Amino acid sequence: MRIPVGEHILYSLSFADDQVVISQDSYDLEFMLNRLHEEYERWRLKISFKKTKFLVVNSKTNFELLLNDEVQLSQVEQFKYLGVNINKRGPEQQEVKIRIQNAKRVIGCLNSVWWDRHISKRNKKRLGQSLVESVLCYGCEVWTVNSDLRRKLLATEMEYLRRSSRVSRRECVRNEVIRRRIDAQDTVVDRIERRSLKWFGHLMRMPDNRWPKRVFQWVPPQRRKRGRP
């Protein structure tokens, strides 16, 4: 009924009214959830069964999970926790794709602002960095930015920079020229890298008893499978 992380044991993750229970098999998970349900009832608290899901990691096994021998919980392929979509392999490329889609929706909603002649390019750039990139870069501190992801992020940024310069794609103006016109030499990828380094520095300054640092420094005892990780 635990996940050993070095010399320590990880049972659950809690934030506000959200709680994640962690176990190594279905029997332990069912037992822990029932104990949690009983303890909540003692304090007159209720679990939202509609929102309660379970995810199996590193396995294709499908099984049923009963809570209090009455409520059957549903197994999912991914779920959202604290605004981040997590699947069987963690918050990977699918989460970044969702972020890009949401950012493009924001760009579309502000289309009249980008093409407005009465708003300066400087203010448009500030609006893009505050409204668009706040959606695009949520949780980016832990992303692994490869060449394909870098290209997609830069293309999303150019969506609002090009419109802010009032230049359509049909005019075939290079991205470098657009950036010089709007004074945006610092790219969204550069800002993501700075945020990642800032989070890494914050992580390294944490006391050794903090769970983020414990998990970061943890080396799993088992050997990983052959092939690309």
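Residues numbered from 1 in each chain as written. Predicted model: local features only at pLDDT ≥ 70, side-chain atom pairs only at ≥ 80, totals over all residues. Heavy atoms only, no water.

Draft legend 1. Region of the structure containing the overall build of the protein. For the protein, the count of helices and strands is eight helices and nine strands. Per-residue burial for the protein yields a buried fraction of 31% across its 229 residues. For the protein, long-range pairs separated by at least 24 residues make up 51% of all intrachain contacts whose partners lie at least 6 apart in sequence. Distance between charge centroids for the protein: 9 Å, based on 47 positive and 28 negative side chains. (Helix = DSSP H or I, 4+ residues; strand = E, 2+ residues; numbered from the N terminus. Buried < 20%, exposed > 50% of the residue type's maximum accessible area, 1.4 Å probe, protein only. Contact = heavy atoms within 4.5 Å. Lys, Arg positive; Asp, Glu negative; His and termini not counted. Charge placed at Lys NZ, Arg CZ, Asp CG, Glu CD.)

Draft legend 2. Structural context of the pairing of strand β9 (residues 84-87). Of the pairings in the sheet, the one linking strand β8 (residues 78-81) to β9 comprises four bridges and is antiparallel in character. Pairing of Q78 across the sheet is with N87, part of β9. Adjacent in sequence and paired antiparallel, β8 and β9 are bridged by two residues, among which L82 carries a positive phi angle near 55 degrees. (Pairing = 2+ DSSP bridges.)

Draft legend 3. Broad picture of the environment of V113. Along the chain, V113 turns up in helix α3 (residues 111-114). Between the C-alpha atom of V113 and that of Y160, which follows or precedes it by 47 residues, the distance is 9.8 Å.

Draft legend 4. Spotlight on the sheet that holds strand β6 (residues 65-67). Sheet architecture is open: three strands sit in the order β5-β7-β6, paired in mixed fashion. Lying at the two open borders of the sheet, with one neighbouring strand each, are β5 (53-54) and β6.

Draft legend 5. Representation of a nonpolar patch on the surface within the structure. A contiguous nonpolar surface patch, about 290 Å² in accessible area, is contributed by F15, L82 and Y138. Inspection of the secondary structure assignment puts F15 in strand β3 (residues 12-15). (Patch = residues over 30% accessible without salt bridge, like charges linked within 9 Å, V, L, I, M, F, W, Y side chains within 5 Å. Areas by Shrake-Rupley, 256 points an atom, 1.4 Å probe, with all protein chains shown as cover. Salt bridge = Lys/Arg side-chain N within 4 Å of Asp/Glu carboxyl O.)

Draft legend 6. Structural view of helix α5 (residues 147-164). For α5, with 18 residues, the first-to-last C-alpha span of 26 Å sits near the 26 Å given by 1.5 Å per residue. Of all bends in α5, the biggest is about 25 degrees, found at M158. For α5, every residue scored as buried is listed here: L149, L153, T156, E157, M158, E159, Y160, L161, R162 and S164. Where α5 is buried, its residues contact α2 (93-109), α3, α4 (121-136), α6 (175-182) and α7 (188-204). (Expected span 1.5 Å × (residues − 1). Bend = angle between axes of the 7 residues up to and from the residue.)

Draft legend 7. Layout of the pattern of salt bridges. Within the structure shown, the criterion is met by 15 salt bridges. Note that R191 is salt-bridged to E133, the shortest N-O span being 2.5 Å. Within this pair, whereas R191 is found in helix α7, its partner E133 is found in helix α4, the two being separated by 58 residues in sequence. On the basis of relative accessible area, R191 is assigned to the buried category, the value being 14%. Exposure remark for E133: the relative accessible area of 6% places this residue in the buried category.

Spatial relationships are all this shows, so hold off on functional conclusions.
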